[in-house]
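Residue-level structural notes
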Amino acid sequence: MQKISLLVIILFVVVFLSGCGEKNKEATIGSGGVYKSSDGGETFHLTSVVSKEKSLSNASILDLEISPIDPNVIYAATATHGIYRTSNGGQSWAESKSDFTYVRKIALDPTNKNIIYIVANQDDERALFKTTDGGINWKKLLAQRNSKTPKTIDVIIDKNNSNILYTTDTTGGVFKSTDGGKEWASIYWAEDPVKTVLLDAKNSQRIYLLTTADEVYVSDDGGTSFKISGPEDGFDEIYSMSVSQTQQGFLYVLSRNGLQVTKDGGETYENMNTLLPPEDTVAHEVVSDPINKDILYLVAGKIIYKTTNGGKTWTSTSLKIKWPVKSFVIDYQDHNNIYMGLAKPPKQQSNFLFPF
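In what follows, the accompanying structure is described. (Residues numbered from 1 in each chain as written. Predicted model: local features only at pLDDT ≥ 70, side-chain atom pairs only at ≥ 80, totals over all residues. Heavy atoms only, no water.)

Moving on: the overall build of the chain. Secondary structure summary: the chain contains one helix and 28 strands in total. When the 356 residues of the chain are sorted by exposure, 51% land in the buried category. Considering only contacts in the chain between residues 6 or more positions apart, those separated by 24 or more positions represent 42%. Summing over all exposed atoms, the chain offers an accessible surface of approximately 17300 Å²; the carbon and sulfur share of this is 49%. (Helix = DSSP H or I, 4+ residues; strand = E, 2+ residues; numbered from the N terminus. Buried < 20%, exposed > 50% of the residue type's maximum accessible area, 1.4 Å probe, protein only. Contact = heavy atoms within 4.5 Å. Areas by Shrake-Rupley, 256 points an atom, 1.4 Å probe, with all protein chains shown as cover.)

Our focus in this paragraph is the sheet that holds strand S12 (residues 165–169). With respect to topology, four strands assemble into an open sheet ordered S11-S12-S13-S14, the strand pairing being antiparallel. Of all the strands in the sheet, the pair left with one neighbour each is strand S11 (152–157) and strand S14 (185–189). Mean inter-strand twist for the sheet, computed between neighbouring axes without regard to direction, equals 20°. In this sheet, strand S13 (residues 173–177) lies alongside S12 in antiparallel orientation, the contact comprising four bridges. (Pairing = 2+ DSSP bridges. Axes fitted to C-alpha atoms, helices over the stretch in contact; angles between N-to-C directions.)

Tyr 297, Val 325, Phe 328 and Met 340 are the most contacted members of the largest nonpolar core, which has 16 residues in total. Secondary structure elements with two or more residues in this core: strand S24 (296–300), strand S27 (325–330) and strand S28 (338–342). In this structure Met 340 touches Gly 33, Val 34, Tyr 35, Phe 44, Leu 64, Leu 319, Val 325, Ser 327 and Phe 328, once residues within four positions along its chain are discounted. Listed in part, the 15 residues of the second largest apolar core include Phe 250, Tyr 252, Met 272 and Val 286. (Core = buried A, V, L, I, M, F, W, Y, C linked by side-chain atoms within 4.5 Å.)

Here the focus is the sheet that holds strand S1 (residues 33–37). Read from one edge of the open sheet, four strands run S2-S1-S28-S27, paired in antiparallel fashion. In the strand order of this sheet, the two ends are held by strand S2 (45–46) and S27, each with one partner. The pairing of S1 with S2 spans two bridges and is classified as antiparallel. Its bridge partner being in S2, Tyr 35 is matched across the sheet by Leu 46.

Before going further, it helps to examine the side chain of Asp 109. The topology assignment puts Asp 109 in the loop between strand S7 (101–108) and strand S8 (116–122). Look at Asp 109: it is buried, it has no salt bridge, and the nearest opposite charge is Lys 130 at 6.7 Å. Within the structure, Asp 109 has its side chain in polar contact with the backbone nitrogen of Asn 112 (distance 2.9 Å). With residues up to four places along the chain from it excluded, the contact list for Asp 109 reads Pro 68, Ile 69, Ile 115, Ile 157 and Ser 162. (Lys, Arg positive; Asp, Glu negative; His and termini not counted. Salt bridge = Lys/Arg side-chain N within 4 Å of Asp/Glu carboxyl O. Polar contact = N/O pair within 3.5 Å; in protein donor to acceptor, adjacent residues only side chain to side chain.)

The topology assignment puts Val 282 in the loop between strand S22 (270–272) and strand S23 (285–288). According to the relative accessible area criterion, Val 282 is partly exposed, its value standing at 29%. A sequence separation of 19 residues divides Val 282 from Gly 301, and the C-alpha atoms of the two residues are 8.4 Å apart.

This part covers the pattern of salt bridges. Overall, the coordinates contain ten salt bridges when judged by the stated rule. When the shortest N-O distance is used, the salt bridge between Asp 220 and Arg 206 registers 2.7 Å. Placement of the pair is Asp 220 in the loop between strand S17 (216–219) and strand S18 (227–229) and Arg 206 in the loop between strand S15 (194–199) and strand S16 (207–211), with a sequence separation of 14 residues. On the basis of relative accessible area, Arg 206 is assigned to the buried category, the value being 12%. One salt bridge in this structure joins Lys 263 and Glu 270, with 3.4 Å as the shortest N-O distance. Connected through shared salt-bridge partners, Glu 65, Lys 105 and Asp 154 make up one network.

Given two aromatic rings, their pairing is described by the distance between the two centres and the angle made by the two planes. The tally for this structure, following the rule as stated, stands at seven aromatic pairs. Relative to Tyr 217, the ring of Tyr 188 lies with its centre 5.5 Å away and its plane at 55°, an arrangement referred to as tilted. Of this pair, Tyr 188 sits in strand S14 while Tyr 217 sits in strand S17; the two residues are 29 residues apart in sequence, bridging distant segments of the chain. Judged by relative accessible area, Tyr 217 falls into the buried class, the value being 9%. On the basis of an interplanar angle of 40° and a centroid distance of 4.8 Å, the ring pair of Tyr 188 and Phe 226 is categorised as tilted. (Phe/Tyr/Trp six-rings, centres within 6.5 Å; stacked < 30°, edge-to-face > 60°.)

Okay, here's the thing in structure tokens:
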């Protein structure tokens, strides 16, 4: 009996210590990094391994972009760690050998995997950069020359013609290039900084702009002219907007007053049902499924809301994470594969918004 009791005690100690080890291991994962779901957002797991000694789990991920050529190739933009790339769907990541900091935006050429554009800081200067050799060498395209000159905010590529680019800056300027960034023309000047530029997924002549004054502008002629767009009473504190990946003319606008959609390129808007309070919505991103037009995701800090019937009903998933979700992308070949990047939010902001 004494031998049996001693064996039980030994087993208990081993199990207890093993449990403590697992808890300590989990505690060292970090607060940020990239997470992946293989079941349409039901569950997520950390996928941030760089090497045996290094991980992205402590990095703030500001942007994630899936290659239009190969969905297993994904780029991660970080606040302090530069750029990382995976070629195996997140199983491992490789660090870009560059000195960029605060990489806020990545745009990938839809025809050439070696051509990448980024908005990033380098030597205390924020600018638009381009590489044609997969990140070995970078060329500065548009730059902030001193503290009083404009800062680049956003960049997007026309997927129907990869030589056409649009970028915006803090003066309200919108610029267009038709030769891959060699030369630029100003096509519009908004009264406030333009923090987002989008192209309709089915009609790249339609351009959407979002300013810091919560105004939406639409062009139907490739930027020759713009008009203001929105409901009669306007928008109240727009958090983000995004286009449908499957339907022409669909633009989703997420604001404090909830989720609204235009189905006719900005002519009219209608409210969409969500699980969030209609007069005090706190969410920062809406993402449409690239395959199924009825699937939408709302990202609200540490909660993911999903509808599979165009907004009639929703389900919610609470994530056991420390930092809120900043970026959320879906595999265009298998929409069960979803990647999300976590980022440390600014201390002064409580609604998970990030400065432009």
